[in-house]
Every structure is written in structure tokens, then in C-alpha cells.
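As a plain string of letters, each chain reads:
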Amino acid sequence: MVGTKRSIKNVTDNGEENLSVPPGFVSLTSLTLKKIVTDQDAATEPGLVGVPLRNSDIKLFKISLLQRPWIAHGQFERVRHQDDSAQMGNNLKVPVGAPLPKGVIRGCEDCHDCVKVTARWHPEDPYLPPLDDAPVFRPTEEDFKDTLKYIANIRPKAENYGICRIVPPPSWRPPCLLENKEIWEASKFSSHVQKIERLQKLFSKRKRSRLNEKIETEMPKESEIGKLDSCNECVGDSEEDQAFDLVSNFESGPDFTLKSFKKYADDFKEQYFRENHRVIAIGPKRSEPLIARVESEYWRIVENPSEEIEVLFGTEVANQTIASGFPVAATPATGMGKYNEYVKSGWNLNNTADLYGSLLPFGCYNSYTVSVPQIFIGMCFASQCWRNEDHHLYSLSYMHMGSPKVWYSIPGKCFFKFAEVVKKRFPKLSKHPELLHEHVAQVSPSMLIAEGIPVFRCLQNPFEFVVTFPGAYHSEFSCGFNCSEAVCFAPIDWLPHGQNIIEHYAGYGFKTSLSHDKLLLGAAKEAVTYLWDSLTNKSSNSKIRFWRSICGADGNFTRLLKLRVENESIRRKHLCNMPMSRPLGEVDDSTKRECCICLYDLYLSAVVCSCSPNRYSCLRHVKHLCSCGWTAKEFLFRYEIDELELLVEALKGNMKAIYSWAKNIQKLTTSDNPYERATSFSESNGLASRKSPMPALDVAIGERARVVPTSAKEERRDTTSASPDQNAVILLSDNED
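Residues numbered from 1 in each chain as written. Predicted model: local features only at pLDDT ≥ 70, side-chain atom pairs only at ≥ 80, totals over all residues. Heavy atoms only, no water.

Let us look at the pattern of salt bridges. Between side chains of opposite charge, a pair can form when the charged atoms approach closely. Applying the stated criterion to the full structure yields 27 salt bridges. The shortest N-O distance in the salt bridge between R165 and E464 comes to 2.9 Å. In this pair, R165 sits in strand β5 (residues 163–166) while E464 sits in the loop between β17 (456–460) and β18 (465–468), placing the two residues 299 residues apart along the sequence. Neither residue differs from the other here; R165 and E464 are each classed as buried. Residue R582 is joined to E634 by a salt bridge in which the shortest nitrogen-to-oxygen separation is 3.2 Å. On the criterion of sequence distance, the pair formed by R582 in strand β21 (residues 580–583) and E634 in strand β24 (residues 633–637) is long-range, its members being 52 residues apart. Overall, the relative accessible area of 35% leaves R582 in the partly exposed class. (Salt bridge = Lys/Arg side-chain N within 4 Å of Asp/Glu carboxyl O. Helix = DSSP H or I, 4+ residues; strand = E, 2+ residues; numbered from the N terminus. Buried < 20%, exposed > 50% of the residue type's maximum accessible area, 1.4 Å probe, protein only.)

The side-chain alternation of β5 yields two buried faces, one formed by I163 and R165 and the other by C164 and I166. By the bridge criterion, two bridges tie strand β4 (residues 136–137) to β5 in an arrangement that is parallel. Each residue of the ladder has a partner; that of V136, found in β5, is R165. Each parallel crossover has a hand, and for β4 linked through helix α3 (residues 147–158) to β5 it is right-handed. (Pairing = 2+ DSSP bridges. Right-handed = clockwise from strand over helix to strand, strands pointing away.)

To continue, consider helix α18 (residues 641–652). Between its first and last C-alpha, α18 extends 17 Å over twelve residues, near the 16 Å set by a 1.5 Å rise per residue. Elements that come into contact with the buried residues of α18 comprise α15 (516–536), α17 (556–573) and α19 (655–665). Immediately downstream of α18, the backbone of G653 shows phi near 110 degrees, a positive value. (Expected span 1.5 Å × (residues − 1). Contact = heavy atoms within 4.5 Å.)

Counting across every chain of the model gives 43 aromatic pairs. Ring centres 5.9 Å apart and planes at 35 degrees place the aromatic pair W532 and Y659 in the tilted group. Residue W532 is located in helix α15, and its partner Y659 is located in helix α19; the two are separated by 127 residues in the primary sequence. Seen from their ring centres, W547 and F557 are 5.9 Å apart, and the 55 degrees between their planes marks the pair as tilted. (Phe/Tyr/Trp six-rings, centres within 6.5 Å; stacked < 30°, edge-to-face > 60°.)

Their axes nearest at 8 Å, the elements α18 and α19 cross at an angle of 130 degrees. The angle between the axes of α18 and α19 places the two elements in the oblique class. The two elements α18 and α19 meet at a crossing, and its hand is left-handed. In contact with E643, L646, L647, E649 and A650 of α18, α19 contributes A657, I658, S660, W661 and I665. Looking at the contact of α18 with α19 residue by residue, the class counts come to seven nonpolar, one polar and two charged. (Axes fitted to C-alpha atoms, helices over the stretch in contact; angles between N-to-C directions. Parallel < 35°, antiparallel > 145°, perpendicular 65-115°, else oblique. Left-handed = near helix turned anticlockwise from the far one by under 90°. Nonpolar A, V, L, I, M, F, W, Y, C, P; charged D, E, K, R; others polar.)

Ordered in space as β21-β24-β22-β23, the four strands form an open sheet in which the pairing is mixed. Each edge of the sheet is formed by a strand with only one pairing partner; in this case those strands are β21 and β23 (612–617). Averaged over neighbouring strand pairs, the angle between their axes works out to 30 degrees when direction is ignored. Where strand β22 (residues 605–609) and β24 come together, five bridges link them in antiparallel fashion. Looking at the pairing, V608 lines up with E634 of β24.

Here it is in C-alpha cells:
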């Protein structure tokens, strides 16, 4: 009752009241409230103030925090959670902010290329993820002759794994120029430092060159457009970068020759895998630890590090200080004449990107970043974290020498699912999804499998190739010193992947490294050139047969170009007949322009304003270019829509379209008119000339022409009085003359 005094029933002997605890406030651990010592009491009871707590008291306090879910105890300790609370005290780690002990000491007063390893492997703590292996292919010498054809043949079996391994025939052993004395002992390269225990943190795989670092999934408002910088301007690290703990570039290490780096790498591996002055796990070379144990130790360091493990690697040094390991035509080394077959081979990575059938040369402005082979020089644990190739290109990797590499792959069909898992692991990426293309981390395969993402394993040995397929995320680490080389290429089946990803890039304002429209149009013009040549010269060769196989009314290449032209036509209609327009000249063909809003490539069309003549926008972001009126803007185009539609008809095999494009637009020259010759050729063989509506004329190149009637009535039509069919169609065939 109100006003009634509460009776005190429980009083301890020293006069302190034993109060009851309200429901919901019961402590999970027992503790006793102690009397507060005042300054006056402290004078009579010395030693109670300023005395540090005992270690046992601190441990009990920390354990009590772990048992209270409403307390963020992670800010105090880096603790590995255990189900058994009795073991928690034994699993406490170093507090966050306190560095791990150094496990590797690099260099000394006398030299920079020595290493002392104090860390040791932990065989008692295995972290080997159980994974299925990617497929392995062993081509015959005959199959191995045509690189792109062989990869196309194995693609249906291998693409669902994202990766595969190709073991060349035993007779295919190209020389490795990296072993030449002048390169092995004299040529130096710059190394980079990689801290393995930090690989699970998000870091940048490239310098950021985006015009607007804070671009969101929605495009900026008109009021913010004035704040945008030039698309070629590099922007420094943003506050988000600092919050993510991002590293823009790896720390630079010392310079090495290949010989000195191999010694450094071998010393590191020998020391790390020693116990009691001997190597524990013996591999095939007796001094090598087993690959499985190296792999297990690698993931232990990544997921549960106990020391700082610092390794070195060299990458992207091809054609700089260290050239390709494959022989090339200009190789000055003596005795290279016997290796001519390797100089010209499609498996020589200096040739792969430029093979006929790879479309990459048509779209490159700066060929070095995409189509030139890149060297990777690694040591034990040196890694390349999860990534996919720019523009979702194919990649081909060859190992010249050294210890194996362990690869992991995620099929391209799981591209978006992987992105969701990474955003789940790094929540701030949900607000900045564009960073997914620039920042990566070494996420454990076990964690990805738990999220429903398939992960496959591939072991690459010396003299073997590894192919990664479009859109596939992949990562790898080295089991010891090795030298490998890789290059990108773009066969015809890559085109749909390339078209999809550039639209995805534009949505997030991601900078492209090649022009997809330039590639597509360049390949189409090349196709018309050979179709024109087959008509005018009645010729047939491997290149003509290649274009016939992918063109035609139902050809994949024709269909892709048609879709792109239709998309461009829709976007141009939204311009509502802009008052000023002009074609892009031939000089502009070699200049890469990008939209200042989304960085979309502007090869086909662009819009510019007189207020800022060096700033361009794509057709989707004309209103965001500036605040000037519509009449101040100018539309730039490379081809009219009618011309692009003519090109599509030419690829379908329409003879008049081929002739019109070749003579009037591409300016090809010939003394013969294939359209007139095809008509006379049909008449001379007693074939029908028809009025519209007309059956499709099948003039097989190099073969006898024949009529495919649309009805029996048309087949009986008079063939002498009708004019020639101006819409005759070539049904492309692989048959030769």
C-alpha cells in the first residue's frame, strides 16, 4: 500500500541489506556489492585505493562480459567463440589494435634479400576446405593445333566449373626465355609486399580512377551535376575508403633478379615448414611439403592467424624489365630457329589475344592493359584474391617453372550471388556496390559453400595451362617459387557476356578498359570485307569460312549486332531530333571518349555542350551533362541508324546490302559488281528472276545458285520478264570452290 513502510527482513551481519532483484535484472554471474571506500575511510584502511586488480579478477570480468549478449565484448578482445564457456579463458587473443607478432623478418644490415622466419606451421589445426576438382583435359597433338577451336570444343563441359586445366601433349615443350642467363641473373623486377593474415580484409585491386567516388546505385541529381569532375581525373581516397580499411596498392618491396628471388622464396619455405631443424611433410621432391599441407596452412593463416606472415611477389612486369617467357620472332637468342613452331603457336600467349577468331584487337585503344601477356612471379603463400577479368573476358594462364599453384573458381552463373555474399560480409558495400569491381578479399571457400555458392579447385603444375571462363570469379596462391604468364582473349561466344557487363559497369559508373561498340563494329566491318572478297574474287579461305559460320540470317554474330543497333535506335529516338548534330570523323576513331556521368564508352554516339566542349555524355544522361538549354547541345554520331541497319542486312547475306556498305561506307574497291554478277550467274544457269514478293535466292558462294520458292505458284512464274531481285540473300556456306 502507498505510504506503508517496507520491512527489512534480510540484513547481513555487517549491517548491509540483502535486497531482492527485480525480474529481468538478474545477473548471469554472482557478484557481491562492496562498500564504497571514501577518502576518509581510505586514510584508515590503506591499500584499498590505487591497488591494481589481480589477473584472476580481470579474467573473470572478461568471461562475464562474454556471457552477456547485450554487451559488445568484441571491442575488448579478439575472441574465438566457443560453445563451452569453461574454455573461453584459454582462447583469448591479442586485443584489437595490438599487432600480431612478426613471423617473418626481411633483410638485414648487410643485404635486403635475406629472410628469417620465426613462425612455424600448425599441422594440428587443419583448415583444408573439401572441394570438388575442376576438369582436366589432355588434347592430342592434332586437337592442340587450333587453340580457339579446342577451347570452344571443351567449353560445354568446363564452363559450369568456371575453370579448367589443359595438359599439353608431351611433345609440346617450348623454351623458357626466363631461364636465359641475361634474364635470370641480370634483369631485375620490383616486388610487392603481401601480408597473408590481412587478406580477409577488403582491399583495392587497382587505383581508383572514377570521377565520382560517392556514386550511389541511383544517378546523381541535377543539382549535384556541377560537382562532377572530368572523367580522366583521379580522385584520392574517400572517407569510405578509410572506413573500409582499404589499401590502394601493395607496399613496395625490394628489387630482385629471378635468381635472387628464387633463393629468397626457397629460404622462406624451408624455414617455415621446419620443426626441430627438419622438414616434417615430405613431398615428391623430398624437400617439399605436401601440397595439401601447404594449402591447409595457407587457409589457417588467412582465417585464424597467429603471426604476421609477410611474403613477396612480382606481377604485371611483362614487356617492362622482364619480357614474356615464350619465344617471339624478334628474340635475339642464338639457336632459336628450331623453336619456330612455338613462335607461331596459338598457345604462345604473345599470339593468343590476336588469333583470328579473337575479337579483342578490334576493341582495344590501349592494348597493353588487356591483350599483352602479364608475368606473375610468386613464392609460397603469394596470392591473387577473388576477382574476375575485366569485361568478363576469357583468360589463359601458363606456368613456365616452379612449384604448383592452387586455383579456386566460382562459375560465371554465380557472379551476382557472389556479390551478394561479399556485401553481406562487408555491409558498407551495400551502399557502394560499384566497389565490388574494385575491391576484393580472400573469402574462404568453406564460407562460400555454406552460402550455397559452388567452389571448385584446380591444381596447376609447370608446363600446364589454366583457362578461366567469362564472368567466373577465381583466386589462386602459390605453393613455392614459380613463374607464370597469363593473357585475356575474346572468342565469338564471349560477345553476349561482354555486352551484358558493360551495361552493368555503366550502372555503377565503372571505368572500362576497352570499347565494346568499337569491337563489335570493327568485327562487323571485317566480316563484310571478307564476304565482299568472297563475292568479287570467288575465293574461299579459313577466314571467309570463319565469318560465314557466325553470320547469316540466323548467325549469332548477326543477332548480337542487330540487338545492339535496336538498342541504339531506341536511345536516339529519345533525343527528340536534337537541332544540332554532326558525324564523328575518322580521327575520332582512335580516341576513347567516356560519359562524364556513368563512364559508358561513346564510340557510337555522344552529346556535347558548347559550355564544356571537352565533356561528353551518353544518350541516357544528356540532361545531367549541364544546365544549358537543349539548343546548346550537339549530337555526335559515327553512323546513322539507317547505315547500321544496312550493316546488319549485309551480315545476313543480302547482296545489295554488302555491295552498298562495301562501296559507299567502307570504301572497298573492286572492278566487279557482285550483285550484277550474281544475277547474271543465276540467269545463265536458267534460274528465276522474280518480282516482289520474291522467294529467297540462295546463292551459295562458289556453288551453283538455286531458288528456294515460297510457293509452288511462284516456282512456275515466268523467268524472262521479271526484273532482278534486289533483296537477294546469300545463304552462307562452309563449302569451298
